[in-house]
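So you can see what is in the structure, the chains are spelled out below.
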Amino acid sequence: MEILRAADSWSKEAPPALFPAIRAVCIRLAEMVADQRHYLAPLPEPQESERSAVLSLIADRLRAPEVTRGLEPHLQALADLELRSTGSWATVASAQTEWITTAIRYLESCAAELPAADRPDPYWADDVVAGVIASVRALIGVDELHARTEARYSGPIKRVTPEEEES
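One structure accompanies this document, and this report is about it. All figures in this text were calculated on a predicted structure; none of them were measured in a lab.

A separate point is unusual backbone geometry. Of note in the backbone geometry, Tyr123 takes a positive phi value of approximately 70° without being a glycine. For Tyr123, the location among the structural elements is in the loop between α7 (93-112) and α8 (124-140). A residue is classified by how much of its surface remains accessible, and Tyr123, at 63% relative accessible area, is exposed.

Here it is in structure tokens:
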């Protein structure tokens, strides 16, 4: 699966002991990106049905035992931290930020368990999480600008951005 290859690609510079944690974070973040089917404005049929089916299939495949085998402790730890796919990821921008922060902190805590000489550079987890999200969005076909535009202007009421609230 391309998403797992993206996780492996972002793992290259990390110590091998962190690969399972990075894969688990990738799976959870990919589930959340795939869940953005609720975040995008509907397409005309049959494209909407096709997009929904593809995104659901991706999320289901990411939960398959052949994908998650060996990652159960990490996936459980992330679930305990509430880093899991829910509808709020798709509709509440602060939830996305919260989960991204949780993923970064989880990876940092995994790295902190390594001997000091084996730990990655500072901010490595930020880079991995940002890279995983960008890779997953590209693979799934969710463009960030398009998604934000859709979220802001779809529906009966224009949503106000935090920047606009400050003005």
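On to the layout of surface pockets. In this structure, the second largest pocket spans a volume of roughly 220 Å³. For the lining of the second largest pocket, the secondary structure elements donating two or more residues are α1 (2-11) and α8. When the residues that make up the lining of the second largest pocket are grouped by side-chain class, the tally is six nonpolar, one polar and three charged.

A separate point is the packing of helix α2 (residues 19-34) against helix α5 (residues 72-80). Where α2 contacts α5, the axes come no closer than 9 Å and their chain directions differ by 50°. One way to sum up the angle between α2 and α5 is to call them oblique. Crossing geometry of α2 relative to α5 is assigned as right-handed. Two secondary-structure elements touch here, α2 through Pro20, Ala21, Ala24, Val25, Ile27 and Arg28 and α5 through His74, Leu75 and Leu78. The class makeup of the residues in the contact of α2 with α5 is seven nonpolar, one polar and one charged.

Turning our eyes to something else, we now look at the pattern of salt bridges. Side-chain pairs of opposite charge can arise whenever the charged atoms involved come near each other. Evaluation of the coordinates by the stated rule reveals one salt bridge. Between Asp60 and Arg63 there is a salt bridge whose closest N-O contact spans 3.7 Å. Taking relative accessible area as the criterion, Arg63 reaches 44% and is therefore assigned partly exposed.

Here we come to the environment of Gln76. Mapped onto the elements, Gln76 comes out in helix α5. In this structure Gln76 comes out as partly exposed when scored by relative accessible area, which is 46%. Along the chain, Gln76 and Ala24 lie 52 residues apart, while their C-alpha atoms are 9.4 Å from each other.

Attention shifts here to the nonpolar core. Among the nonpolar cores identified, the biggest contains 40 residues, and Leu18, Val25, Leu29, Leu107, Trp124 and Val129 are the most heavily contacted of them. Where this core is concerned, the elements lending two or more residues are α1, α2, α3 (47-62), α5, α7 and α8. A total of eleven residues in this core trace back to one element, the largest contributor, which is α2.

We now examine α5. Those residues of α5 that sit buried are His74, Leu75, Leu78 and Ala79. With its buried residues spanning 140° around the axis, α5 presents them on a single face. Those residues of α5 that are exposed and aimed more than 90 degrees away from the buried face are Pro73 and Asp80.

Another aspect to go through is the packing of α2 against α3. Between two packed helices, both the angle of their axes relative to each other and the distance between the axes serve to describe the pair. Two elements in contact, α2 and α3, have axes whose closest approach is 9 Å; the angle formed by their N-to-C orientations is 160°. With respect to their mutual orientation, α2 and α3 come out roughly antiparallel. Handedness of the α2/α3 crossing: left-handed. Residues Ile27, Ala30, Glu31 and Ala34 of α2 touch α3, and the partners they reach there are Leu55, Ile58, Ala59 and Leu62. Class assignment for the residues of the contact of α2 with α3 results in seven nonpolar, no polar and one charged.

Calculation rules
Just so you know, the residues in each chain are numbered from 1, in the order the chain's sequence is written. The predicted nature of this model means local features are confined to residues of pLDDT at least 70 and side-chain atom pairs, given and counted, to a pLDDT of 80 or more, with totals for whole chains, interfaces and linings taken over all residues. Values reported for side chains reflect all heavy atoms of the structure, with hydrogen atoms and water molecules removed beforehand. Secondary structure is summarised from DSSP: a helix means a run of H or I of at least four residues, a strand means a run of E of at least two, and numbering begins at the N terminus for each. When accessible area is computed with a 1.4 Å probe and restricted to protein chains, residues below 20% of their type maximum are described as buried, those above 50% as exposed, and intermediate ones as partly exposed. In this analysis a 1.4 Å probe is tested at points of a 1 Å grid over the protein atoms alone, and where it fits but cannot get out there is a cavity; an open set with protein on both sides within 12 Å along at least five of seven lines is a pocket; lining residues have an atom within 4 Å of a point. Grid points are joined across faces, edges and corners, and a volume is the space filled by probe spheres set on the points. Gly falls in the polar group here, along with every residue not listed as nonpolar (Ala, Val, Leu, Ile, Met, Phe, Trp, Tyr, Cys, Pro) or charged (Asp, Glu, Lys, Arg). Helix axes use the C-alpha atoms of the stretch in contact, all axes being lines fitted to C-alpha atoms, and the angles between their N-to-C directions lie in the range 0 to 180 degrees. Under this scheme an angle from 65 to 115 degrees is roughly perpendicular, one under 35 degrees roughly parallel, and one over 145 degrees roughly antiparallel; angles in between are oblique. Note on convention: near helix rotated counterclockwise from far helix by under a right angle means a left-handed crossing. Clockwise means right-handed. Residues are treated as being in contact if the distance between any of their heavy atoms lies within 4.5 Å. For this analysis, a salt bridge means a side-chain nitrogen from Lys or Arg found within 4 Å of a carboxyl oxygen belonging to Asp or Glu. Residues belong to a common nonpolar core when they are buried Ala, Val, Leu, Ile, Met, Phe, Trp, Tyr or Cys residues joined through side-chain atoms within 4.5 Å. To obtain the arc, one takes the directions from the helix axis to the C-beta atoms.

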